[in-house]
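So the chains spell out like this:
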Amino acid sequence: MPPVALKPEQFNGYPPEARKLVTSDLEALQQLPLSFLPSLLREAIDYDFKFPAERKALEMELQNLSSLSAGQIKDWFQGFAQIHLSPQLEQFDWVNSPAQFVEQLSAYLWTTGQQDAFRLAALAYAERLHAALPPERPAIPRLGITVIGQGVAAPQEPLFRKLRPHGVYFNHVKPENGLQQLLDAAVARARAHPVAHGHWYIDGGEEAAHDPALTCVSYHALAPARAALSNKIRLEIERPGMGPETLRTLLAQLRPGDLGMDREPDRGPDGNKTRLRDAVLDRFQVKLLTEGSGTQVFSTTFAQWAAREALRRAQPLTLLVRFAPRQRQKPMNEMLSGSDSHIELDPIGSLIDADHSAYYNWLNQQRLPGREQSSFLVWFENRSEAVAIGPSMPRGTESTTAADLRTLLSWMT
């Protein structure tokens, strides 16, 4: 079916908000080439489970498409219109399975030598969309915080070498009650500037007690879901003929209920009060476990990938990420088996992972709008080392001033 033949009832299988979104801009969708439209629908079909920043971006994109004349649409999408598709792709149910269509399209483009042409068309569209819809600056300057080194007395190599050139290295930080001071600062920002999914706390271990004003994701809290996923993966890879592409497709179709998340009580930070489950956050956590490589078995990978995806998708105003020791590397099948009840931790290796990840967290924060005013703090947990980056922090300098983390944050922001 070509896009021009689209009818509202063909979207009856979409979640309610997604169905309303696409049918309100159906006339614009009917004019788009088939080589492009399923990529847009892949995002639209999950509209009900997207963060506010993602919803707004999708709404604005559709509004922009609806504002274009027929001639403008032809000009914007001429590169996509020149992509040749196979009869099998044209007959695929791309309305209800847009993600699967995009997977098959990618493989087809490679086999037919059209990948470069598609990439150029996508880049041209992205540039025009960015010019038409420039990103909005955040309501307040962003603050990123990364805490590393839990359980390590002293590093074997100097820390923060990639971050020191961008800010001030402090070597006399007062560590007492440091984590609580950072959590208090994050909560204060969340209460002063309440935004849905706008202030995050990600923990690679067991989360500390925290205010519910923060959106929290932790490796420890997802232990039952991780175990359920590992069991599913183990069963699937034992099936004859199961390959990585088929497994990836199966994982992409998993929902929170498939991992038992809809049956688990969503408890508050005190461990007692039960809160309503957050369907958007549940979907986010499922994607963390099914799309991230190693997030099921390595806590450091989980924390780094969760931070990356939170920044990319939710674009939070505040992000506190705390790394915890991961297990030592073993053969993947052994780690997925869950047969070993004793897990040997690797604190030093985890510190090295987290040190690199802190740098990536800062880079990913700097990709967001308002980077000129953003601030970033990385701290060696329970120790005296930290690096502070921000507009008021002189780059590539060192300070021996004794100060606690609350004071450092006040200097930064």
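First, a word on scope: everything that follows refers to the structure included in this document. These figures come from a predicted structure and were not determined experimentally.

**What to know about the environment of proline 369**
Right, so step 1: Summarising the element assignment, proline 369 is placed in the loop between helix 16 (347-366) and strand 9 (375-380).
Right, so step 2: Its relative accessible area of 18% is what places proline 369 among the buried residues.
Right, so step 3: Spatially, the C-alpha atom of proline 369 lies 9.6 Å from that of proline 141, the residues being 228 residues apart in sequence.
Right, so step 4: When neighbours within four sequence positions are excluded, proline 369 is seen to be in contact with Pro135, Glu136, Pro138, Arg142 and Gln315.

**Some details on the pairing of strand 4 (residues 199-203)**
Right, so step 1: With respect to burial, strand 4 is a largely interior element, 5 of its 5 residues being buried.
Right, so step 2: Going residue by residue along strand 4, you find His199, Tyr201 and Asp203 tucked away on one face and Trp200 and Ile202 tucked away on the opposite face as well.
Right, so step 3: Bridge count between strand 4 and strand 5 (residues 215-218): 4 bridges; the pairing is parallel. Its bridge partner being in strand 5, tyrosine 201 is matched across the sheet by cysteine 216.

**Some words on the packing of helix 4 (residues 52-67) against helix 9 (residues 115-132)**
Right, so step 1: Here helix 4 crosses helix 9 at 95 degrees, and the two axes come no closer than 11 Å. Our classification of the angle between helix 4 and helix 9 gives roughly perpendicular. In this structure, helix 4 contributes Glu61, Asn64 and Leu65 to the contact, and helix 9 contributes Tyr125, Leu129 and Ala132.
Right, so step 2: Among the residues forming the contact of helix 4 with helix 9, the class breakdown is 4 nonpolar, 1 polar and 1 charged.

**Things to note about the sheet that holds strand 9**
Right, so step 1: Pairing in this open sheet of 8 strands is mixed, and the strands run 5-4-8-1-9-10-2-11 from one edge to the other. Each edge of the open sheet is held by one strand with a lone partner, namely strand 5 and strand 11 (397-399). Across the sheet, the axes of successive neighbouring strands diverge by a mean angle of 15 degrees, strand direction being ignored.
Right, so step 2: Most of the contacts of helix 14 (residues 299-314) go to strand 4, to which it runs at about 165 degrees, and overall it touches strand 4, strand 5 and strand 8 (318-322).
Right, so step 3: Here helix 17 (residues 405-412) sits on the sheet and contacts strand 1 (143-148), strand 2 (168-170), strand 9 and strand 10 (386-389); the angle it forms with strand 9, its principal contact strand, is near 160 degrees.

**Description of the pattern of salt bridges**
Right, so step 1: Going through the model one piece at a time under the given rule, you end up with 22 salt bridges.
Right, so step 2: Residue glutamate 54 is joined to arginine 313 by a salt bridge in which the shortest nitrogen-to-oxygen separation is 2.7 Å. Highlighted residues: glutamate 54 in helix 4 and arginine 313 in helix 14, separated in sequence by 259 residues.
Right, so step 3: Close ionic contact of arginine 326 with aspartate 353 constitutes a salt bridge, the shortest N to O distance being 2.5 Å. Taken as a pair, arginine 326 in the loop between strand 8 and helix 15 (332-337) and aspartate 353 in helix 16 lie far apart in primary sequence, 27 residues in all.
Right, so step 4: What makes arginine 326 buried here is its relative accessible area of 8%.
Right, so step 5: Relative accessible area serves as the criterion here: at 26%, aspartate 353 is assigned to the partly exposed category.
Right, so step 6: Several salt bridges converge on common partners, so that one network encompasses Arg42, Glu43, Lys50, Glu54 and Arg313.

Conventions used here
Sequence order as written defines residue numbering, which begins from 1 separately in each chain. Two thresholds apply to this predicted model, a pLDDT of at least 70 for residue-level local features and 80 or more for giving and counting side-chain atom pairs, whereas whole-chain, interface and lining totals are computed over all residues. Side-chain metrics in this entry use all non-hydrogen atoms of the structure; hydrogen atoms and water are not considered. Each helix is a run of DSSP H or I of at least 4 residues and each strand a run of E of at least 2, with the numbering of both proceeding from the N terminus. Categorising residues by exposure relies on relative accessible area from a 1.4 Å probe, with only protein chains included: less than 20% of the type maximum marks a residue as buried, more than 50% marks it as exposed, and the intermediate range marks it as partly exposed. The contact criterion used throughout is that any non-hydrogen atoms of two residues lie within 4.5 Å. Paired strands are those between which DSSP finds at least two bridges. Working convention: axes come from line fits to C-alpha atoms, limited for helices to the stretch in contact. Angles between N-to-C directions cover 0 to 180 degrees. Note that the term roughly parallel is reserved for angles under 35 degrees, roughly antiparallel for angles over 145, roughly perpendicular for angles of 65 to 115, and oblique for everything else. Ten residue types, Ala, Val, Leu, Ile, Met, Phe, Trp, Tyr, Cys and Pro, are classed as nonpolar, four, Asp, Glu, Lys and Arg, as charged, and the remainder, Gly among them, as polar. Every case where a carboxyl oxygen of Asp or Glu lies within 4 Å of a side-chain nitrogen of Lys or Arg is listed as a salt bridge.

In short, the description is geometric, and any link to function would need to be established separately.
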